[in-house]
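Read off the chains here:
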Amino acid sequence: QVQLVQSGGGLVQAGGSLRLSCAASGRTFSTYRPGWFRQAPGKEREFVAAISWSGGTYYADSVKGRFTISEDNAKSTVYLQMNRLEPEDTAIYYCAVRLGYSYLRVDQYDSWGQGTQVTVSS
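Residues numbered from 1 in each chain as written. Predicted model: local features only at pLDDT ≥ 70, side-chain atom pairs only at ≥ 80, totals over all residues. Heavy atoms only, no water.

**What to know about the sheet that holds strand 3 (residues 18-26)**
- As summarised here, the arrangement of the 4 strands in space is 1-3-8-7, forming an open sheet in which the pairing is antiparallel. Looking along the sheet, the strands with just one partner apiece sit at the ends: strand 1 (2-7) and strand 7 (67-72). Neighbouring strand axes in the sheet, compared pairwise and without regard to direction, differ in orientation by 20° on average.
- Sheet analysis places strand 1 next to strand 3, joined by 6 bridges and oriented antiparallel. Residue pairing across strands places Q3 opposite S25, the latter belonging to strand 3. (Pairing = 2+ DSSP bridges. Helix = DSSP H or I, 4+ residues; strand = E, 2+ residues; numbered from the N terminus. Axes fitted to C-alpha atoms, helices over the stretch in contact; angles between N-to-C directions.)

What follows is the structure in structure tokens.
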């Protein structure tokens, strides 16, 4: 079992940047693969970004070119750097980890962080 604790987030103006962090305890990212999801009010939780077992990175079309997922295995921490933020990016962001290869669906993840609010003002 792995426990995930998120930090970062907050309020930013459109065009600004934020970085989210997700620190793992227990088993590390060498055992699991990380991903990020988000959930806007009244909407389902949706995929944002993930890192594969081969180290490849994958992004939702809506954030491609603006967001970057990365990991620091020495710190057992995964990051989501968010640049050129838009009001449509406003949501609660969740980090998660999985054992499997597939990464797009919520039910493919085994543990979740507590979520952190990101609000982008226009």
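**Focus on the environment of Q13**
- Residue position: Q13 is located in strand 2 (residues 10-13).
- For Q13, a relative accessible area of 61% translates into the label exposed.
- C-alpha of Q13 to C-alpha of G35: the two residues are 22 residues apart in sequence and 25 Å apart in space.
- Those residues within four positions of Q13 in sequence are excluded, and the remaining contacts are V120 and S121. (Buried < 20%, exposed > 50% of the residue type's maximum accessible area, 1.4 Å probe, protein only. Contact = heavy atoms within 4.5 Å.)

**Focus on the state of the cysteines**
- Applying the stated criterion across every chain, the model contains 1 disulfide.
- With a sulfur-sulfur separation of 2.0 Å, C22 is cross-linked through a disulfide to C95. Since a negative S-S torsion denotes a left-handed disulfide, the C22-C95 link at about 60° is right-handed. Taken as a pair, C22 in strand 3 and C95 in strand 9 (residues 91-98) lie far apart in primary sequence, 73 residues in all.
- On the accessibility criterion, C22 (1% relative accessible area) is buried.
- The exposure class assigned to C95 is buried, which follows from its relative accessible area of 0%. (Disulfide = S-S within 2.5 Å.)

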